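Understanding the architecture of this molecule
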Amino acid sequence: MLGKGIKIGSVMGIPLLVTPDWFLLAGVTIWILATQILPGLIDDQSTAVYIFMALASAWFFFGSIIVHELAHSFVAKAYRIPVKSITLFMLGGVAQITREATRPYAELLMAVVGPLTSLAVGAVFLGIFWLIGADTSRPIGLVIFWLAFMNFGLAVFNIIPAFPMDGGRVFRSLMWMISGNYHAATQAAAWTGRGFAWLLLSLGMLAVLGVDVYIARDWLGGAWIILIGLFLESAARQSLFQNRVVRKLQQYRADDLMQRDPPVVDAEMSLATLARGVLELNPRVCYFVGEAGRLIGIISSYQMRAVSERLWDSTTAGDAMVPSALLHAVAPDRLASEVLLDMENGDLTHLPVVNDGQVVGVIGRDRILGILFQAGYLRPQRA
Ligand SMILES: [Zn+2]
């Protein structure tokens, strides 16, 4: 859903990314501010002043969005949920929080803190506006007033109960609290989210056709609302799908799906010896790589294929493996849904299953996805 981000910095150890399409949003925002919004609110300024005001407004506005996402991340971290990144993209900002909260109260807090933070930031801007004389006829006063207004707008927009937006998450956590049923709450919240998405899509289309629907008055506003509607619809549908997948995989534990005692190969063995035959005859095979009686990594057909065949003779298993430091062990009773999430978050295809400090097997991503293929949730893709 999000394009690849470019790292522009990091806050609290969280990488800050912008996607290429964000530059379009930033450009259009600055352009509309400088040529339409600001000239409509304050007269008789030079072009340079309008441009400077637009740049300052946009800078602090996007800064406000980052502060909003940081608030979500801060609570997530307090609950020991890792945050992968904060990304600014064409429709705003998103904190990539690696997994869902395990308790409704945590989810409520994690969601509600975003809009509350935007309210607080809006109040701070309003306070500064008041301190410097509450004068919107001066450029600086107007910019600060606009920032207060936009932050209040951000708070209101995000509290709309359209899952997976903040308001939708608040809605889900409340239903989860009341019913005690996470899946039913997610199901209901996601369907409400889709309903809102369809409402936005219809309003956007009316606006494009020239009807004044209050939240948009022209085709550009309409197109914008349609984009947001499409994004929400796809995100809500994805949540429904994810919910089904998690429920299916919760029926299995790591030791139901693992390969027991995979063969150990020596780190010095050449990839040529290892890979020839294996890739065609037994593509799902996975080896532990050992050195002096110690397991130092894992190698599967994925790592073998990643090395060009020309280099197989000069590459050893130890060169091509995923080293132990990048893997983390899973317990035999860990649910398959959580193992899959660990793999996605670490970009891994196999994880060792360890019981009481003893490696007892290895679990492959293929095997977990196989469950979903069998259940008809996924269509097998050709590698
Ligand atoms: Zn938020």
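Keep in mind the model is a prediction, meaning the values are calculated, not measured.

This part covers the sheet that holds strand β2 (residues 14-18). Strands belonging to one sheet form pairs held by backbone hydrogen bonds; the direction of such a pair is parallel or antiparallel. The 4 strands lie next to each other as β1-β2-β3-β4, forming an open sheet whose pairing is mixed. Looking at the sheet topology across the chains shown, the edges are occupied by β1 (6-11) and β4 (92-97). The sheet shows a mean angle of 25° between the axes of neighbouring strands, direction not considered. Direction of pairing for β2 relative to strand β3 (residues 83-89): parallel, over a ladder of 3 bridges. Considered in β3, the bridge of valine 18 is made with leucine 88.

Before going further, it helps to examine the nonpolar core. Counting residues in each nonpolar core, the largest one holds 37 residues, and the members touching the most others are Phe163, Leu200 and Leu232. Mapped onto this core, the elements with two or more residues apiece are α2 (47-78), β3, β4, α3 (104-131), α5 (166-179), α6 (182-208) and α7 (219-249). In terms of residue count, α6 provides more of this core than any other element does, 9 residues in total. Residue contacts for leucine 232: discarding those within four places in its chain leaves Ala162, Gly193, Phe196, Ala197 and Leu200.

This brings us to the domain arrangement of the protein chain. Interfaces are frequently sized by the accessible area removed from exposure as the parts join. Taken domain by domain, the protein chain consists of domain 1 (6-249) and domain 2 (254-374). Using C-alpha coordinates to define each centre, domain 1 is positioned 40 Å away from domain 2. Broken down by class, the residue content of the side of domain 1 that touches domain 2 amounts to 3 nonpolar, 1 polar and 2 charged.

Take the confidence of the model for the protein chain next. Taken residue by residue, the protein chain gives an average pLDDT of 87. The fraction at 70 or more is 97%. Between the elements of the protein chain, mean pLDDT differs from a low of 71, seen in helix α10 (residues 278-281), to a high of 96, seen in α3.

Quick look at the environment of tyrosine 302 now. In this fold, tyrosine 302 is placed in helix α11 (residues 301-305). On the neighbour-count criterion, tyrosine 302 (19 C-beta atoms within 10 Å) is partly exposed. With 17 residues separating them in the primary sequence, tyrosine 302 and valine 285 have C-alpha atoms 9.7 Å apart.

Of all 7 residues in β3, 5 are buried; the element is thus mostly enclosed. Relative to β4, β3 runs antiparallel, the two sharing 6 bridges. What sits directly across from isoleucine 86, in β4, is alanine 95. Linking β3 to β4, which pair antiparallel, is a turn of 2 residues.

Cut-offs used in this document
Residues numbered from 1 in each chain as written. Predicted model: local features only at pLDDT ≥ 70, side-chain atom pairs only at ≥ 80, totals over all residues. Pairing = 2+ DSSP bridges. Helix = DSSP H or I, 4+ residues; strand = E, 2+ residues; numbered from the N terminus. Axes fitted to C-alpha atoms, helices over the stretch in contact; angles between N-to-C directions. Core = buried A, V, L, I, M, F, W, Y, C linked by C-beta atoms within 7 Å. Buried ≥ 20, exposed ≤ 12 C-beta atoms within 10 Å, placed from the backbone. Contact = placed C-beta atoms within 7 Å. Domains from an automatic or database assignment. Nonpolar A, V, L, I, M, F, W, Y, C, P; charged D, E, K, R; others polar. pLDDT = per-residue confidence, 0-100.

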